[in-house]
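Analysis of the macromolecular model
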Amino acid sequence: MSSPDPQVRAARNPADLSSEPSAADADRTHVTETSGPTDPLSESRNPPEGAFGSSDTPEPATERAARPVRGPVVAVTGAADGVGALLTERLAASEEIKRVIAIDERRGECEGAEWQILDVRDPALVEKLRGVDVVVHLALDLDLESDPAARTAFNVRGTQTVLTAAPAAGVHRVVLCTSAMVYGALPDNDLPLSEDAELRATAEATGVGDLLEIERLARRAPRTHPGLNVTVVRPAVLVGGGTDTALTRYFESPRLLVVADSRPAWQFCHIEDLCAALEYAVLERVEGDLAVGCDGWLEQEEVEELSGIRRMELPSAVALGAAARLHRIGLTPSPAGDLAYTMYPWVVSGSRLHHAGWRPRWTNEEVLGELLAEVAGRHTVAGRRLGRKDATAAGAAGATVALLGTAAIVRRARKARRRI
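Residues numbered from 1 in each chain as written. Predicted model: local features only at pLDDT ≥ 70, side-chain atom pairs only at ≥ 80, totals over all residues. Heavy atoms only, no water.

1. A few points about the pattern of salt bridges
A side chain with one charge may pair with a side chain of the opposite charge, provided their charged atoms come close. Per the stated rule, a full pass over the model turns up 18 salt bridges. A salt bridge links Asp 188 to Arg 200, with the shortest nitrogen-to-oxygen separation between them at 2.9 Å. With Asp 188 in the loop between strand E5 (173–177) and helix H8 (208–224) and Arg 200 in the loop between E5 and H8, the pair connects residues that are twelve residues apart, well separated along the chain. On the basis of relative accessibility, which here comes to 30%, the residue Arg 200 falls in the partly exposed class. Through salt bridges with shared partners, a single network forms among Glu 301, Glu 304, Arg 311 and Glu 313. (Salt bridge = Lys/Arg side-chain N within 4 Å of Asp/Glu carboxyl O. Helix = DSSP H or I, 4+ residues; strand = E, 2+ residues; numbered from the N terminus. Buried < 20%, exposed > 50% of the residue type's maximum accessible area, 1.4 Å probe, protein only.)

If you want it as C-alpha cells, here you go:
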C-alpha cells in the first residue's frame, strides 16, 4: 500500500512540530557526569550540543555538582521495574531534582535513589513520605495473568493509600498514571481526542475498571484534601521495557484480527516518552490531566504493511462471541472488551504537553518497529501465549480456525504437559 498523502499526514499531526527548542530538550543537555544513567537514546536521538540554544562551552561538571539543588524531593512508587524504574533513573540523573525516594517491595537497580522497601498499601507509607514534595504513583498491577480480584485490590487500595498518606505527610502534588483507554474506544470518538474529553470507557476490558476507579479517586482527592494537586497522565498503547498487555499481544498473533466494518486507528507511546511527560508533571511545567503519545496515528492498512502480518477479518458477532466464550471458560486472559480497542479509535492529541514544550522523541512507525522486535518469537492466539508447535499449527490452519480453535489447541497443550 502506498503511503498516505502528505496533507493527510499533516492533518493527523495537529501539534505544531516547529524547530523551536522544548524545555525538555534543553534540560537533557545539562546532566551531571556523576548523576547516573541518562536517557538510553540520548546519544542517537539528541541533536548536537548547542542545537537548542545551550552554551557552546559546557559548564564544568565539578561546578555544576557543587551548586545546591533547589528542585523538589520526589518519591516514586513501583520504582523497581518497568516505567517506575526508568523514571527513577531519569529523575536521579536530573539537575532539577533534589532527591529521589524509590518505594517498592524490593530494591531496584538505581543507585542514585534512596530506597524504601514496603508495600504501597502499608499505612506506614505516610512516614516514608515526610519531606517529599511530589509523589509519582506507578505501583500498579496490569498483568493479564493476575487474578482480577487481587489485581483490583492492589491497584485501588494502593492508590487510596497514596492519596491519603501524601497530604498527611505534607506532600503537595501527586502524579498518577492510568491510560488513554479510559476515554473508551468508540466509533464516534473524535480524532484526536482532547484531554478534557469525557471518559466513556466501561470496565469490560482488562484493568480498565481499575483505571476508571483510580480516575475517580483522583478527582475526589483534592476536594477531600484541599491544597493537594493531583495530575493524571494517560498514555496511548504503551511499548518498551517489557510491557505486556492485550494490545501488545495483538502483534504476537499469526494474523492481525480485524473486525468487519470497524475503524481502527493505532497510536503508540514509548516508555521513554511517557517518562519525559511524567517529568514535566513532576516539575510543574504543565497543569491539568495529560494525554501522551506519538504524534498522529496509523491506519490498520499501514500497520499491516509495516508489520508484514496479514489480517484475518471476521464479522463482529463471530469475533466478539468467540472471545467472550473463550474468556468465560478460562482459556484466554483477554475479555471480549479488549477487542473494542482494536476496532475503534482512541487517539489522543497531547495538546497540553505540546503547548508546554514537550515533544515525543519517537514516531508511531518507530515504536511499532520496536514492539515487533520485542515480541519476535512469541506466539499468541486470542490473547493466550502458545508454544511454538501449537502456534505453527494455528498459523497453518488459517485465521478463522485459529481463533475459534484456540480451545482445542490449549487442551492439547495441557495434555502434552501432563504426559511430561
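2. So, the nonpolar core
Here is a general trend for soluble globular proteins: nonpolar side chains tend to be buried in one another's company. In this structure, Phe 251, Trp 266, Phe 268, Tyr 341 and Trp 346 are the most contacted members of the largest nonpolar core, which totals 39 residues. At the level of secondary structure, the elements contributing two or more residues to this core comprise strand E7 (237–239), strand E8 (256–259), strand E13 (311–314), helix H12 (316–328) and helix H14 (364–375). For Tyr 341, the contacting residues outside a window of four places in its chain are Met 181, Gly 184, Ala 185, Ala 201, Ala 205, Val 208, Leu 247 and Trp 346. Formed by 38 residues, the second largest nonpolar core is a distinct cluster that contains Ala 80, Ile 271, Tyr 280 and Val 286. (Core = buried A, V, L, I, M, F, W, Y, C linked by side-chain atoms within 4.5 Å. Contact = heavy atoms within 4.5 Å.)

3. So, the packing of aromatic side chains
The final tally for this structure, using the stated rule, is six aromatic pairs. Taken together, a centroid distance of 5.1 Å and an interplanar angle of 65° make the contact between Phe 251 and Trp 266 edge-to-face. Here Trp 266 lies in strand E9 (residues 265–266) and Phe 251 lies in the loop between helix H9 (246–249) and E8, a separation of 15 residues in the sequence. Ring pairing ties together the aromatic residues Tyr 250, Phe 251, Trp 266 and Phe 268, which thus form one cluster. When the ring centre of Tyr 280 is taken as origin, the NZ or CZ atom of Arg 285, which lies over that ring, is 5.1 Å away. (Phe/Tyr/Trp six-rings, centres within 6.5 Å; stacked < 30°, edge-to-face > 60°. Lys NZ or Arg CZ within 6 Å of the ring centre and 35° of its normal.)

4. Observations regarding the pairing of E13
Here E13 shows one buried face, formed by Met 312 and Leu 314, and one open face, formed by Arg 311 and Glu 313. Bridge count between E8 and E13: four bridges; the pairing is parallel. Within E13, the residue paired with Val 259 across the bridge is Leu 314. (Pairing = 2+ DSSP bridges.)

5. Concerning the pairing of E5
Where burial is concerned, most of E5 is hidden: five out of the five residues are buried. Burial of E5 is two-sided: the residues Arg 173, Val 175 and Cys 177 facing one way and the residues Val 174 and Leu 176 facing the other way are all buried. Note that strand E4 (residues 134–137) and E5 share four bridges and pair parallel. Directly across from Val 134, in E5, lies its bridge partner Arg 173. Relative to strand E6 (residues 229–235), E5 is paired through five bridges, and the arrangement is parallel. Following the sheet pairing, Val 175 is matched in E6 by Thr 231.

6. Quick notes on the sheet that holds E5
Taken in spatial order, the seven strands line up as E3-E2-E1-E4-E5-E6-E11 in an open sheet, and their pairing is parallel. Edge strands, defined here as strands with exactly one partner in the open sheet, are strand E3 (114–117) and strand E11 (290–292). Each strand of the sheet is rotated relative to its neighbour by a mean of 20°, with strand direction disregarded. Across five bridges, the pairing between strand E1 (residues 73–77) and strand E2 (residues 99–104) is parallel. Its bridge partner being in E2, Val 74 is matched across the sheet by Val 100. Seen against the sheet, H8 touches E5 and E6 and runs at an angle of roughly 160° to E6. (Axes fitted to C-alpha atoms, helices over the stretch in contact; angles between N-to-C directions.)

7. A short note on unusual backbone geometry
For residues that are not glycine, phi is negative in most cases, and the peptide bond is trans in most cases. The omega torsion across Leu 191 and Pro 192 is 0°, close enough to zero to call that bond cis. With a phi angle near 60°, Glu 284 is a residue other than glycine that sits in the positive phi range. Locating Glu 284 in the fold gives a position in the loop between helix H10 (271–282) and E11.

8. Topic: H10
Given 3.6 residues per helical turn, the α-helix brings residues three or four places apart onto the same face. Along its twelve residues, H10 runs 16 Å from first to last C-alpha, staying within 8% of the 16 Å computed at 1.5 Å per residue. Burial analysis of H10 places twelve of its twelve residues in the buried class, the great majority of the element. Restricting attention to buried positions, one finds in H10 the residues Ile 271, Glu 272, Asp 273, Leu 274, Cys 275, Ala 276, Ala 277, Leu 278, Glu 279, Tyr 280, Ala 281 and Val 282. Taken from the residues just after H10, Glu 284 is the one with a positive phi, measuring 60°. (Expected span 1.5 Å × (residues − 1).)

9. Thoughts on the packing of helix H7 (residues 148–168) against H8
With their axes 10 Å apart at the nearest point, H7 and H8 run at an angle of 15° to one another. Viewed along their axes, H7 and H8 adopt a mutual orientation that is roughly parallel. Handedness of the crossing formed by H7 with H8: right-handed. Each of Arg 151, Thr 152, Asn 155, Val 156, Thr 159, Gln 160 and Leu 163 in H7 lies in contact with H8, whose residues at this interface are Asp 210, Glu 213, Ile 214, Leu 217, Ala 218 and Ala 221. For the contact of H7 with H8, a count of residues per class yields six nonpolar, four polar and three charged. (Parallel < 35°, antiparallel > 145°, perpendicular 65-115°, else oblique. Left-handed = near helix turned anticlockwise from the far one by under 90°. Nonpolar A, V, L, I, M, F, W, Y, C, P; charged D, E, K, R; others polar.)

Purely geometric stuff here, so don't read any function into it on its own.
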